[in-house]
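Coordinate analysis (summary)
In case you want the letters, here they are:
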Amino acid sequence: MERSINTEDSWYIEWAWVGGYSSLSTLVFIFNILIFFSVGKNKFLHYSFHYVIVALSLRNLLRVILTLCLVFLAKLIQTPWLFKATFLIPANKSTDGLDLTQSASMSLTCEVLSVWDHILMTTLMFYLAGSSLYMFCRHPNPSISDPSETTLKLYGIVPVKERSWVSPLLLLLPPLLAVFLCLPIPILHETHPMIALPGGSVCNLHESLKFNTYQSSVAILGFLLPAAIVISLMIGLSIRRCISCSGGTCVSSFCKEEMSLALLTLPYLAAYLAMYLPLLDHYLQKLDLPQTGLQPYITPEIARAVEMVLGLLLPVVVYSVLPGYSRFSSEPDASDLRRSKKESYNQSVTAPDSTRLSQESLELDCVIRNGYMS
């Protein structure tokens, strides 16, 4: 069980964490909500990848709410009478001698928080894996529209068109998989400890129950497997981008989206690996291998705080890498405009040569026919 915070210095440290969480949550809320307006105002962002960005921004907001709930719960536990007044435990149940930091003391609350925590963590990884697979299956660059199908004459290109089932599948499948992965929590009461403040751990379990089969399954299916898929597909996307650049067109909006996916994935992989450090060290010890030795420096509350800081990573990446987000109007990417003009110029240059060759072929055919008739 975590040691409670009673000293005067610890009180200042604890409230410094609370103030940091308050300031950080405000920034995460503002910049992630701004993404909704950026995508909504630009018709050239109305396709699957950017819908996933909106879903990830919503996920960041929910993650902030969960962390604040853990902070609020940790502070309530320090004042049992106030905790009892919030109806988190039955009114007829005495809190005398009851360890409120244990999962058994408030099983329903811990189950809800555990489901919420696992769903938000695994949904992010499933979204990243699904987005990387989606990018690998589409063309390396946006297709250039024919003049007959151009609806936006001002720019000469049209927004990206996809099949109708792609966006719903990419948006709904990751959270659905996350929900299925979390079903054992309410059915088998498989909760796990959570901590957002130093010494403020909640939903604690006995040491023998912390690293059970279910927690290992969540780490494998919800983190390691999607991470392996993302890394493999990112390598494949890099190779394909090199081939595309050698064949002519290199930079496009699709190229920038692939780069933004990589910039999102790598920090989250490091943050989630830090959150799974206790589980990793546990199995290294079982295998008689040396442990990482990082737990004294990267504590669970630090890992969760870093993961909350990454809620600002999504706005930073999209507003710095993807120009369409900062315009708040229906304007295409400048790289796509340059590519469209280059393709149009190449077609106009090659068109006269094609016409001349066709005319020469026709004249030659007429000469042969006249010779045959004579």
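Here's a quick rundown of the structure. (Residues numbered from 1 in each chain as written. Predicted model: local features only at pLDDT ≥ 70, side-chain atom pairs only at ≥ 80, totals over all residues. Heavy atoms only, no water.)

Observations regarding the overall build of the protein
A count of helical and extended segments in the protein gives 13 helices and two strands. Considering the protein as a whole, with its 374 residues, one finds that 44% of them fall into the buried category. Of the accessible surface of the protein, which amounts to about 20,000 Å², a share of 68% is contributed by carbon and sulfur atoms. (Helix = DSSP H or I, 4+ residues; strand = E, 2+ residues; numbered from the N terminus. Buried < 20%, exposed > 50% of the residue type's maximum accessible area, 1.4 Å probe, protein only. Areas by Shrake-Rupley, 256 points an atom, 1.4 Å probe, with all protein chains shown as cover.)

Description of the side chain of Ser 57
With respect to the helices and strands, the residue Ser 57 is situated in helix H2 (residues 48-77). In terms of polar contacts, Ser 57 uses its side chain to reach the backbone carbonyl oxygen of Val 54, at 2.5 Å. Ignoring sequence-local partners within four residues, the contact set of Ser 57 consists of Asn 32, Ile 35, Phe 36 and Leu 314. (Polar contact = N/O pair within 3.5 Å; in protein donor to acceptor, adjacent residues only side chain to side chain. Contact = heavy atoms within 4.5 Å.)

Comments concerning unusual backbone geometry
Unusually for a residue other than glycine, His 189 sits at a positive phi of about 60°. Along the chain, the position of His 189 falls in the loop between helix H6 (184-188) and strand E1 (194-195). Positive phi, close to 55°, is recorded for Phe 328, a residue that is not glycine. Within the element layout of this structure, Phe 328 appears in the loop between helix H12 (313-321) and helix H13 (334-373). We classify Phe 328 as partly exposed; its relative accessible area is 33%.

Remarks on the packing of H2 against helix H4 (residues 107-137)
Two quantities define a packed helix pair, namely the angle between the helix axes and the distance between the axes. At a minimum axis distance of 10 Å, the contact between H2 and H4 shows a crossing angle of 160°. Between H2 and H4, the interaxial angle falls into the category roughly antiparallel. For the crossing formed where H2 meets H4, the hand is left-handed. Partitioned by chemical class, the residues of the contact of H2 with H4 number 18 nonpolar, three polar and three charged. (Axes fitted to C-alpha atoms, helices over the stretch in contact; angles between N-to-C directions. Parallel < 35°, antiparallel > 145°, perpendicular 65-115°, else oblique. Left-handed = near helix turned anticlockwise from the far one by under 90°. Nonpolar A, V, L, I, M, F, W, Y, C, P; charged D, E, K, R; others polar.)

Note that every value here comes from positions in space, so none of it alone points to a role or purpose.
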